[in-house]
Structure formats: structure tokens, C-alpha cells
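Spelled out, the chains give:
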Amino acid sequence: MSAPHLLLGAPGALLLVAAHALAAVAAPLAVRRLGRRALYLLAAVPAASLAWALANTGPILAGRAVTGAYPWVPGLDLELAVQVGALGWLMIVLVGGVGALVLAYSARYFAAGDDRLARFAALFVAFAGAMLGLVVSDNLLVLYVFWELTTVLSYLLIGHDAARRASRAAATQALLVTTLGGLAMLAGFVMLGQHAGTYRWSQLAGALPDGAYLTVALLLVLLGALSKSAIFPFSFWLPAAMAAPTPVSAYLHAAAMVKAGVFLTALMTPAFGEVAAWRAVLLVAGTLTMLLGGWAALRQHDAKLLLAHGTVSQLGLLMAVFGAGSRDAALAGTAMLLAHALFKAALFLVVGVVDRATGTRDLRELSGLGRRAPWPAAVAVLAGASMAGLPPTAGFVAKEAVFKALLHGSVVERVVLGGLVLGSALTVAYTLRLLWGVFATKPAVTPARPRRIGWTFAGPAAVLAVAGLAVGGFAPAVDRMLAVYADTVYAGAVQAGAAQIGDAQIGDGHAIVVPYRLALWHGLTPALGLSALALAAGAGLFLIAARLPGGVRSTGARAYDRVLTWVGRLAVELTGATQRGSLPFSLGVILLVLVALPGGVMLAGRPWSAEGRAWDTPAQAVVAAGVIVAAVIAVRASRRLTAMILVGVTGYGTAVLFVLHGAPDLALTQFLVETVTIAMFVLVLRRLPPRFSRRPSRRGRAAIGVAVGVVAAGMAYAATSARQAEPISSGFADPAVSYGGGDNIVNVILVDIRAWDTMGEIAVLVAAATGVASLIFRGSAALRRRTGSPAPTSRAPVTGRWLATAPRPAAEDTSIILQVVTRLLFHVIVLLSVYLLFSGHNAPGGGFAAGLVCGLALTVRYLAGGRAELNAAAPVDAGAVLGAGLFVAVGTGAAAMLLGGNVLQSATLDLSLPVLGEVHLVTSVFFDIGVYLIVVALVLDILRSLGAPIGADDISMDDSSVKAMKEEPV
């Protein structure tokens, strides 16, 4: 593949998404080094997306979409499929171009030294990358992944000022509403994809279901689109999101995030445009949204809130136009999509300039700004003219196209047209209210005295406003690009032999529809008359709007508050009834539910075979009997340490059963896990009373334990005996050697064949270890404050030599013999763990078992000499090792993909090395090294957080400490 094709085609689109991710990671460092100037550098990344789109204009204009597909997770039918046609091209131009300008604007919007700027820069670039990924994705499941990424990132951007309650509430509201819609949309995607047998939209669109199945799927998809684009009844979240900084509003809520729902609707219109449910929902919801949003905008005093409600109104217009489902309506919709992004982003940026220059956005407090700040006023007037639909701007061209597309439609479309004309009049009215309120001279208001406004601050808004004027002036050129998408949409039915008013020709008794073309002048047409009517009516509405009371809160916002109140109350009542602060009670409820539901279903269905055998050898029966006896005695034990040892006996017995079944890897892991668990329990039990409380009923606990054991054993037996198909593992033996390069099938399964499972497990392990350690350290600090105990020494000193010994002898109450033996054997045990790590691909071992062996060596070192001895032997921070292990494991998968393979795909390397000779190396061993590091770090974290004090420098457990521990709620 040539370099130009790599950069311009589908690989270039994926490289741009990756570039956004890398830039987001590097953004905090760049901001710390360069300050606000780093935003100019970061603006080059979305600008590269704009350049990529412009470079691909030729093929897309010729009707050749940029396509490509690259496998990601074949087992889940996930692939990085790219499909960029004219609609995607338009969105990339907006996402990239507006994103670059807003980043440049942000360099002057935020104050120098703002400690939140680094976070903002990273999140903004990441959001731009997520939007780019959403637009170019052809696979609906991958599109959903990027869809939810934009939701999460918008939540973080809206909540930029976390200290303000309004910001937190607005961010949470946006997250809840859009996530709910996204989950519904995912269900619709699954319904469509499962029916078609593919999740590629380019293939799925030609294999759609019909009837009620299609209607339900489309309504679910529309829930996602409507909630994302703040369409009624979900309109309330977008005005609340104005708590975000103005650059966020200008990008997310004018050009990017809220356009995602419109984009999805437009993408699916060629396939669903004729479906009655699709058209009805979009036409009705879109028209209502335009009217309600326009009326709310007309009653706002905050310039930013006025623009927010205006955005809601314009989004309703876009949805209604695409809902018409015709070719001309699709052309008008894309023209309005482009025009709206340009004028609304420009107006948001101008409002941000005014806010920074004067310290207010309140229309009642601004006066004379048009004279004192003529350049921002000129930019606002130019952008406002486009929003109102004045010629020769892009807004005028698009608005006239909208009126023309609906003018000769069905009766329903003509009713919708009437609503859109009224909505356009409201648009004119609130545009005039904005311009007059911000820039006019009001005799009763003290003139504003703005600070100096530089071109680097107002320049991005000017570029957008001028672009809106240029689009209007070069409408025929824009039409050629947008028509490539519009021509894919159903053209609209015309009765044979019936003459059509407007652009139609009559030939051979049949009406031939002439496609509409964007232009500044079509003559004296009814559409032009409707535009003039909207302008005149809007001017009249503006004159009477001053008498309206200011401020309005939507019914949707009140309903949202009520629902949250009800849910919170229900949660409190349910928690009070079921969570009594008793661990035995909570566990008992969970286990009883397990017995009642799965156990009841199992007894009713009896899904097991009547055939079976008790054991393969009598030795298994002997071991099983020992396990049962140990379990029964453990239940009756009154001392904690005794019960713990007996539970360990049951674990060791299970390991012996593995040995008897011929599973040495499982047996080795089980032995090690039981040993580590016993050691950790011993450390924890030193902080607890030696005996169990007498209050809980032992008989009740024993009965629950027996019932759960019977149900669990029954489910295991039913699962194995009811199997009808051949086990998938029967085909693992040959691939383990030929594909995975190892003779130990168990290890190859973990690090190669089922590596995704292992990846998920270690990620959960890292998260759990970090969370548990944090909670324990926090609890220990609280206990020290109550008891007056001294603080412990440093958790993990990072100085000293690796595998060194403590600089001073351990406490006097530890055994000198244990210290000497431990120091003699410690290094040997560590070397054994390394051997198990590298031999595990062909013999029993592997990263998990090797990590446990190394962890046991550290545990013995801790028991022999306390915290000082452990820190001397392992002078590393456990959190850093956890992160390094996860990085190595993930990096192994990413490296395989970058080298042209699948994620986590292994390669075999046969090397000839001096001294070592012939070395057979499989790349999955690096994944195993990551697992090894995580397990070792987990043991270190446990020893430093859960471990009982050993040594003179640790916390002493005096009587007051024990008393405080006993008084802690269980």
C-alpha cells in the first residue's frame, strides 16, 4: 500500500482517530510545558481531520465512498470498518474545522495559569477523536462505542468546574439522559444486526426486517438519536449544560455532540425514510422541539441560555426536515446542518468574548457594546443574519431549501411546514433579541466598558461567520457535494400523469421531478415568500417580546427532578429495609436468593443425567471425605484461626483432587492460592478478637452453607451432564502447539486462545486491589486519629538496592532463625518464580503461579522482619508495579495489532544466542510477564495494607486499639 493511499484512504481515518488519542494523552504535559500556547499546537490534530476530508473531496464528489475494514475482535463480529460518504465528509469538516478553531479560541478564553486547562485540553481533544470515530464507523457496534465515549467525555467537559454544584448537576443530567437513550439505541442496533447477520451499516441497510420487528427496532434507535440531540421530550438537558465553559458549548452543543443524533438520523434516512413510524416520530417531535425551543429562547435574559434554547429549536428543525424522507428534504437538511454549525458556533464564541470582556452575559446589563467593540458586533451580526435566514448567507439558502422541500408534500408535511415557518419567525425574533440585547445602546443601562479584545480571541468566531457567508455565495459548489448524499435518498412519490407544481416537467403523461439545487436565487417562488413572511413575523414578535416575563423552566426539567426524587426515595427505603449493616445478614440474603431461584429452577427442570459414577479411584473418595470433615469442623469451630486453617484444609484437598484428575497446573495454582490466602488471613486475624461472636446462629449458617453447596454442586453436575455439543476445548490441543507455540495447553489458553478473558480479569484485579488498599489505608488513618496511635513508616520507600536486607535488625520478638533461613532462601524462591514464569508455556507454571511464588517469598520476608525488611527487599511502590504489569499486558496486545496481526495474537521466535544457545520464544510470554507483575504487586499491596504490625516501627495494637476495633460497625 502506497503512502498517499495509506494517509488518504480508510487507514488515514483510523490513524487520525489514533492521533487524537495520543494527543489527548500528551495534552496535560504539553500544557504544563507551554501553558496556553499548547492549545495552538493541539489544534493541529482536528485540523488534520479537516485536511483529510478536503483531500478526499474528489473521490467522494465522484460518488466513491472511502471504505475499509480491519478485524478487531472477530469472535464478537467487531471490526474497525470505515465508511465515509458525502454525509460523513460534511461531519468531518465540521468536527475537524470547528474543533481546531475552538481550541485556538480557548487559548485566549482561559486565564493563564488555570490549573484546569490541562484537563480541559486532554478531554477536548479526546472528544474530537471520539466524534471522528463515530462519524467514520461503518460497524454499528463500534459506532456505539464511540457514541458512549462522547457521552462520558461530554459529562467530564460539562462538569469542568467541579466545585460548582450547577456544573456537577448539569453534567450528571446530560450523562443520565443520553446514556439511557444510548442503551435503547444499542438494543435497536442488536435487533437490526442479528436479523441481517451483520453489523456493517453499508450491508445491513439492504437486509432490513419488516413489520412490528422493524418498528420496534427503529423506535429504539430513535430514542438514542432524540436524547443525544436534545429533541422533545429530552430537550431540557442541553440548556442546563450551559454550565460548561463557552468553548465546550460552542463545540459540543453547536457543532459536534448534539449533531451526533442528527447525523445518525441522516445516515439512516435513505433506508428508513419511507417507514411510517420513522417519519411520524421525527416530524412531530422535530416540529414541537422547534416551536418550544424558539419560544423558550425568546424569554431568556442570559445570552448563552438564549443560544442554548435556540440550538434546541434548530435541532428540532433538522430532525423534522430529515423526517420528511425525500431527496430534496435530505439536501435541505444537510445544508441546514452545515449552516447551523457555522453560525451557532460563531455566536457562542462571540458571547464568550463578551463575557470575558465585560464580566456578564445578561442582556439587561449590556449597553453600547456595538460602538465600543465593533468587530465582535460585526461578527455577531453576520452570524445572526445567517441564523435568521437573511440573504446571502448559508442560513438563507438552507431555510429556503427546507420550505421548498415541504411545500408540495403531503397534507402532514404541509402542516409541519406551517410549524416550521412559525418556528423560523421565532428564530428571527430571538436573533434580534440577542443582537439588540448584547450590542445596542440602552438609555436606562450604564454603558459597558469592555477590556481590549484581540484578534486572536475574536478571530475564530470571525472565520466561522465569514465561512457562513461564503457558503451562501458559493451555494452551487456546496450543492454538488451535498447532492451526492441527497441522491441516495428516496426521491418522493409522484402520481403518474399528475402535474406537480414547482420544479416538475410533464412528459408522456407522467410527472418528472426535477431535483432541487441549492442557490441564492430561484426567482419569485412560494418558498421565497415564506422566507419573507418568517422575517416579517419574526420582527413583529421581537417588538412584543420585551413585554414577556423572562426565564422559563421546561416541563421536562421538572419531570426529571421529580423522577430523580422518587428514585432516591425508593433507594433509601429499599436500602433501609434490606441493608441493616450486618455482614452475615447481607451474605445470608444473597445466598438464600441463590438457593431459592437457581436451585428452584434446577429442581423443577432436573436438567441432569441419571447416569454417573461416584469416583474414578478410591483415593478421590478418601480426599473428598477429608474435605467434608474439615468443612463440618470449620463450621463448629469457635476460634477464628482454627476455622481459617480448616478452610485451608478444604482448599488443599481440592488441589489434591486436581492432582488425581491429572491437572497439575490447576493443582499448583490451587496450592499456591491457598498458601497465600492462609498467610494473609493470619495477618488480618491478628487484628481481630480470637473467637467468633456467639450471637449468630451456627445452625442457621450451617444450613445455609449446606444448601448453597448442594445447589452449586447440582448446577455444576447439571452443566456437565447436560452438554450435547462437543466441548470447544477439545480442539485446543493442536492450536496450542501450532498456533500458540506451547505444550502446556492450560497456559496457552490463558495467554493466547482466551487472552481477552485474562485481560479482563487482570484489569478487574488491578482496580479491586487499588480500591481495597485505598479503603484500608483510609480506615487505618481514621483509627489512628481515634486511638492516638503513631503513624507507620513510609508505605514503600523507593531507595535502596533490589533484594537487599533491612538496614537494622528486626524486632526482638521475631525469630533469628527464621530471619537467617528466610534470607538464605528468599533469592532462591524468587529465581524459582522466574523459572516458573518462563517455563509455564511448556510445563506447569505461568505468570499467575510464578507471581504467587514470588509473593510467598515476600510474605515470608515480611513475617521474618516486618515492614522494614519487606521495604528493603522490595523498594518499589506497589501501585507503580500494578500499572506496569497492566501496561505490559495491554502493550503486548497492541503491539500485535500494530504489526499487522490481531489483538493479542502471538508470534514464535526461534533465536540463536551466545551462551544460551537455541532459544524458543513466544511473544505471549510478555503478556505472562504482565500477569506476573500484577500478582506480585497485589501481594505487596496486601502486605502493606492488610498485614498486621510486625516490628518496632509498626502500629502497636494496644488495648485501646483493640477496643476501638471491636466498636467498629460490622
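Our subject is the structure listed above.
(A) Quick look at the overall build of the protein. A tally of helices and strands in the protein yields 38 helices and 6 strands. Burial statistics for the protein: of 970 residues in total, 48% are counted as buried. Here the analysis covers contacts within the protein between residues at least 6 apart in sequence; of these, 78% occur between residues at least 24 apart. With the model as given, the accessible surface of the protein reaches about 44200 Å², and the carbon-plus-sulfur share is 68%.

(B) How the structure looks around a nonpolar patch on the surface. Taken together, Ile816, Ile817, Val820, Val821, Leu824 and Leu825 make up a surface patch of nonpolar side chains, about 590 Å² in accessible area. Here Leu825 is to be found in helix 34 (residues 816-839).

(C) Representation of the nonpolar core. Among the nonpolar cores identified, the biggest contains 204 residues, and Trp237 and Tyr251 are the most heavily contacted of them. The element contributing the most residues to this core is helix 17 (residues 327-358), with 21 residues. Sequence-distant contacts of Trp237, that is, excluding residues within four places in its chain, are made with Gln173, Ala174, Val177, Thr178, Ser227, Lys228, Ala230, His253, Met257 and Val258. In this structure, Leu837, Ala857, Val935 and Leu943 belong to the second largest nonpolar core, which totals 43 residues.

(D) Layout of unusual backbone geometry. Omega for the bond connecting Phe232 with Pro233 falls within 30 degrees of zero, at 10°, which places this linkage in the cis form. Along the polypeptide, Pro233 turns up in the loop between helix 11 (211-228) and helix 12 (237-240). The omega torsion across Pro391 and Pro392 is 5°, close enough to zero to call that bond cis. Among the structural elements, Pro392 can be located in the loop between helix 19 (374-388) and helix 20 (394-407).

(E) How the structure looks around the packing of aromatic side chains. Under the counting rule described, the total for this entry stands at 11 aromatic pairs. Ring geometry for Tyr105 versus Phe457: centroids 5.0 Å apart, planes at 35°, classification tilted. Of this pair, Tyr105 sits in helix 6 (residues 86-109) while Phe457 sits in helix 22 (residues 455-473), and the two are 352 residues apart along the sequence. Tyr105 sits in the buried class, given a relative accessible area of 0%. Taking relative accessible area as the criterion, Phe457 reaches 10% and is therefore assigned buried. Centroid distance Tyr109 to Phe110: 5.2 Å. Interplanar angle 85°. Geometry classified as edge-to-face. For Tyr109, a relative accessible area of 6% puts it in the buried group. The class for Phe110 is buried, based on a relative accessible area of 3%. Put simply, the rings of Tyr105, Tyr109, Phe110, Phe120, Phe124, Phe127, Tyr251 and Phe457 touch in pairs and so form one group of aromatic residues. Seen from the ring of Trp436, Lys442 lies directly overhead, with NZ or CZ sitting 5.0 Å from the centre.

(F) Spotlight on the environment of Ser721. Here Ser721 lies in helix 30 (residues 698-721). Residue class for Ser721 comes out partly exposed when judged on its relative accessible area of 25%. It is 8.2 Å that separates the C-alpha atoms of Ser721 and Pro607, two residues lying 114 residues apart in sequence.

(G) Spatial organisation of the pattern of salt bridges. With the rule as written, the count across this model stands at 13 salt bridges. In this structure, Glu413 engages Arg279 in a salt bridge whose closest nitrogen and oxygen atoms are separated by 3.0 Å. Of this pair, Glu413 sits in helix 21 (residues 411-439) while Arg279 sits in helix 15 (residues 276-297), placing them 134 residues apart in sequence. Of the residues examined, Glu413 reaches a relative accessible area of 9% and is grouped as buried. The salt bridge involving Asp757 is made with Arg754; its shortest N-O contact spans 2.5 Å. Exposure remark for Arg754: the relative accessible area of 40% places this residue in the partly exposed category. Where salt bridges share partners, they join Glu79, Asp138 and Arg200 into one cluster.

Criteria and cut-off values
- Residues numbered from 1 in each chain as written.
- Predicted model: local features only at pLDDT ≥ 70, side-chain atom pairs only at ≥ 80, totals over all residues.
- Heavy atoms only, no water.
- Helix = DSSP H or I, 4+ residues; strand = E, 2+ residues; numbered from the N terminus.
- Buried < 20%, exposed > 50% of the residue type's maximum accessible area, 1.4 Å probe, protein only.
- Contact = heavy atoms within 4.5 Å.
- Areas by Shrake-Rupley, 256 points an atom, 1.4 Å probe, with all protein chains shown as cover.
- Patch = residues over 30% accessible without salt bridge, like charges linked within 9 Å, V, L, I, M, F, W, Y side chains within 5 Å.
- Salt bridge = Lys/Arg side-chain N within 4 Å of Asp/Glu carboxyl O.
- Core = buried A, V, L, I, M, F, W, Y, C linked by side-chain atoms within 4.5 Å.
- Phe/Tyr/Trp six-rings, centres within 6.5 Å; stacked < 30°, edge-to-face > 60°.
- Lys NZ or Arg CZ within 6 Å of the ring centre and 35° of its normal.

Functional significance is not addressed by these values, which are geometric in nature.
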